[in-house]
Amino acid sequence: MTRHPRTRLCRSVFALTLVCAAPSAAQHFPEDEDLQLMLRYLVEDAETPGIVVAMLEADGTSRILSYGSAGPDARPLGPQSVFEIGSINKTFTGVLLAQAVARGEAALDDPVQRFMPSGVTVPTRNGREITLLDLTTHTSGLPRLPDNHTPEDRQNPYADYTVEEMYEFLSNHELRRDPGAEWEYSNIGVGLLGHALARAAGRPFVDLVRERITEPLGMEMTGYALEGAIGEWMTQGHGDGAVVPYWFATESIQGAGGLRSNIEDMLVYLEANVRPEDSDLGRAIRAAHQPRRDDGDGSRFGLGWGVRETPDGPILAHGGGTGGFSTYIVFNPTRGVGAVRLTNTTGFGDDLMRDFVVRGPPLDIPEVEVDRETLSAYTGEYSVGGRPLWVRLEDEGWLTMQIPGNVRFKLYAESDTAFFVKRAPYRLSFSLTDDGVALSADLNGSRRSGERVTTETPEPRVAAGNRVPERMSAELMSRYEGQYAVDVRGTTRTLAILARDERLWVQLEGQSPLALVRVEDDTFALQARQDYRVIFDMEDGRAVAVTLDQAGETFQGPRVP
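Residues numbered from 1 in each chain as written. Predicted model: local features only at pLDDT ≥ 70, side-chain atom pairs only at ≥ 80, totals over all residues. Heavy atoms only, no water.

Regarding the packing of helix H2 (residues 89–103) against helix H5 (residues 187–201)
Let me state the cut-off plainly: Fitted lines through C-alpha atoms serve as axes, helices being fitted only where they are in contact, and the angles separating the N-to-C directions of these axes extend from 0 to 180 degrees. Secondary structure elements follow DSSP: runs of H or I of four or more residues count as helices, runs of E of two or more count as strands, with numbering from the N terminus. Angle categories: roughly parallel below 35 degrees, roughly antiparallel above 145, roughly perpendicular from 65 to 115, and oblique for all the rest. By the definition used in this description, the sense in which the near helix is turned from the far one sets the handedness, with an anticlockwise turn below a right angle giving left-handed and a clockwise turn giving right-handed. Note on definitions: a residue-residue contact is assigned when non-hydrogen atoms from the two residues lie within 4.5 Å.
The contact between H2 and H5 brings their axes to 10 Å, and the two run at 40°. Here H2 is positioned oblique relative to H5, judged by the angle of their axes. Viewed along their axes, H2 and H5 form a crossing whose handedness is left-handed. Contact residues: Lys90, Thr93, Leu96, Leu97 and Ala100 in H2; Asn187, Val190, Leu193, Gly194 and Leu197 in H5.

Points about the sheet that holds strand S20 (residues 436–443)
Applied cut-off: Only when DSSP finds a minimum of two bridges between them are two strands counted as paired.
The strand order around the closed barrel formed by 8 strands is S14-S15-S16-S17-S18-S19-S20-S21, and the pairing between neighbours is antiparallel. Here the average twist between neighbouring strands, direction ignored, is 30°.

Describing the packing of aromatic side chains
This is how it is decided: Only Phe, Tyr and Trp rings are paired, with Trp represented by its six-membered ring, and only when their centres lie within 6.5 Å; those with planes under 30 degrees apart are stacked, over 60 edge-to-face, the remainder tilted. When accessible area is computed with a 1.4 Å probe and restricted to protein chains, residues below 20% of their type maximum are described as buried, those above 50% as exposed, and intermediate ones as partly exposed.
Going through the model one piece at a time under the given rule, you end up with 18 aromatic pairs. Measuring from centroid to centroid gives 5.8 Å for tyrosine 382 and phenylalanine 430, while their planes differ by 55°, and the two rings are tilted. Here tyrosine 382, found in strand S14 (residues 380–384), pairs with phenylalanine 430, found in strand S19 (residues 426–433); they are 48 residues apart in sequence, far enough to count as distant. Given the relative accessible area of 0%, tyrosine 382 is considered buried. Through pairs of rings, three or more aromatic residues link up here, namely Tyr378, Tyr382, Phe419 and Phe430.

Observations concerning the sheet that holds strand S26 (residues 523–526)
Backbone hydrogen bonds hold the strands of a sheet together, and the pairing may be parallel or antiparallel. Taking strand neighbours across the sheet as the criterion, the 8 strands line up as S22-S23-S24-S25-S26-S27-S28-S29 in an open arrangement whose pairing is antiparallel. Edge positions in the sheet fall to strand S22 (482–488) and strand S29 (553–558), since each of these pairs with one other strand and no more. Across the sheet, the mean angle from the axis of one strand to that of its neighbour is 30°, orientation sign disregarded. Direction of pairing for S22 relative to strand S23 (residues 491–500): antiparallel, over a ladder of 7 bridges. Each residue of the ladder has a partner; that of glutamine 483, found in S23, is alanine 496.

Observations regarding H2
Since there are 3.6 residues in each turn of an α-helix, residues three or four apart along the chain are aligned in direction. The condition is simple: Expected span of a helix, by definition, is 1.5 Å for each gap between consecutive residues, and there is one gap fewer than residues.
End to end, H2 covers 21 Å across 15 residues, agreeing with the expected 21 Å (1.5 Å per residue, within 8%). Taken together, the buried positions of H2 are occupied by Asn89, Lys90, Thr91, Phe92, Thr93, Gly94, Val95, Leu96, Leu97, Ala98, Gln99 and Ala100. Those residues of H2 hidden inside the fold are in contact with helix H3 (132–136), H5, helix H6 (205–217), helix H8 (263–274), helix H9 (280–289) and strand S11 (315–321). Trailing H2 by a residue or two, glycine 104 shows a phi angle of about 80°, which is positive.

Observations regarding the environment of alanine 438
Structurally, alanine 438 can be placed in strand S20. Given the relative accessible area of 11%, alanine 438 is considered buried. Taking C-alpha positions, alanine 438 is 27 Å from aspartate 34, a pair spaced 404 residues apart along the chain. Those residues in contact with alanine 438, other than ones at most four positions away along the chain, are Tyr382, Ser429, Phe430, Ser431, Thr433, Gly450 and Glu451.

Here you go:
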C-alpha cells in the first residue's frame, strides 16, 4: 500500500449505499458491509473528507457506495455528487483521437504541425516531428507544463493559459529529446492534442466531447461548465483539510483536464470501456485500449490509457488529480471487472479499488466469532521487520491493524489466534509467550514476525500521518513567506512559501499548494510526506535561501528579493 497524504478529519458524515443490481454469488469485490467499513476508515483516519466508489462485476452487475462529506454547504454526498476528474479527461481525448482517425479527420502519424495555423511552429528535433500519437502516449518530448505558464491565480492554475500563449510556447520551445524516443508525462502535450483535434474537426473541443462521447453514452452529468445540475451537485474540493477553489481549463488545456462528472456517469463510462459496443464509439473505445508505446516502467500506453499486461489479462487505468480532487478508474476487460473512485481531496494515494481489480477478490476464509476478552489480549504496538504495526480493539468488538502511513484495516477472525484482512492478502497470528505476545504476519507473501513492545497505540489519524500542524503567528510566518528561485534538475522553478490560516504552505510553480509542518527550528516537512523537508537558511531572523530535501534528493535556491 502507498503512503497516504493527510487531510482534516470530517465529522459531518453522510453514508449512502446504492445497489444498482443484486450482487452475484461469485462477486469480485467485497460485500457492501465490508467495503463500507473500508470507506469509513479512510474518512475517519483523515485521508479524505468524502469518497464515492463504483464497482462493475463480471456478470454485469454494479454497485455504488459512498461515505463522508461533500463539504460545507454542498449537497449530501452520494451517487449524484460531482467531482473534478482531472487527468481521467485524457482518456476521453484518446477516444476522440481514435474517432478522428476513423472519420478520416486525422491519422495517428500526422504531424501536429498539420493542424496549426500559419505562423505557429511546432518544435522538431533531429528532423523528427511531433505526431498525434506522440502526444497521446506522452512521448512527444514536450515537458509536463509549458515554460511560459505563469498563472495569475496559483490555486486555479489553468484558468488563464490561452491558446496564443500555447502557440508562443511551441514556437520558442527547444526539445530536450527526439519525439517518440522517451516517455515523459505531459499535460501541455495532451492539451495540444485536444486543440489539434478540435481544429481537425472544425468544432470546439468541449463540443466534441459532448457530441461524440457523453451524449451518445447518456452521461448528462459530465461536462466542463460549472452550471445547471452539475453546479448544483458539485462537491467542495479540499487541500490539506481546507476547502480550495475549483479548477477551470482553457481551450489550450481542455484535452488534458477540466471535466467534471459524478459516479453514476463514470460507471456508464466504465461499462462502455469494459464491454465496448459494436458501434462507431465502441470501436473507437476499443482502439484507444491498444498499447502503442512503452512508458519505461514496465507498462505501455494506449490512446490516453496506461496498460499493464498481467497473466489474467491487461489492466487499463488512469488517475486524475486537481487542487482539491483525486480520482481513479481501472478495469480488466478480460475478466470483465472494473472500478472507479472519486474523492474530494488533493493527493489521495490509497490503492483501495486498484487492489481488488489487480489482485482479485478478498481472501475467502470462513469467519468465526472471538470473545472480546481474547481480542483485548492482542492489542498494542508490535515491532515487525523493524517497523511498527498497531493492533486495536474497536468499539464494535473487532480488531484492526495499522502500519505507518496507512489507515486501519479490519481483522477478520479465522480462529481464536489467527486473523485475515479483506483489503489486502494479509494474515496475522498471535501467540502468548513467557515474555508477552508474539505476532507472525504474512503481508502480501512477505512473512515476518515480531514481539509486542507496548500496549499503547497512537490515534489512527496520527498513525496514518495525518496529525494536525501547529498554528503559527503572522510574525513567525513572515520570516519565511515569499518566493524562491530553486534549481530543479537544471531548470529554475519558482517556489512560493505562503501564509494561510495560521499555517505555512509550499507551492512549486505549476503545482497545488501543500501544507507544511514544523519539525524543528527553520525546518519543515510536507504534511503529506514527512520525509520531504523544506529547510531555510536564515540571516538576521529572515530566510535568505531554501533547500528542498525529497527523500535524499536536494534542490536549492535563493530567496527572490
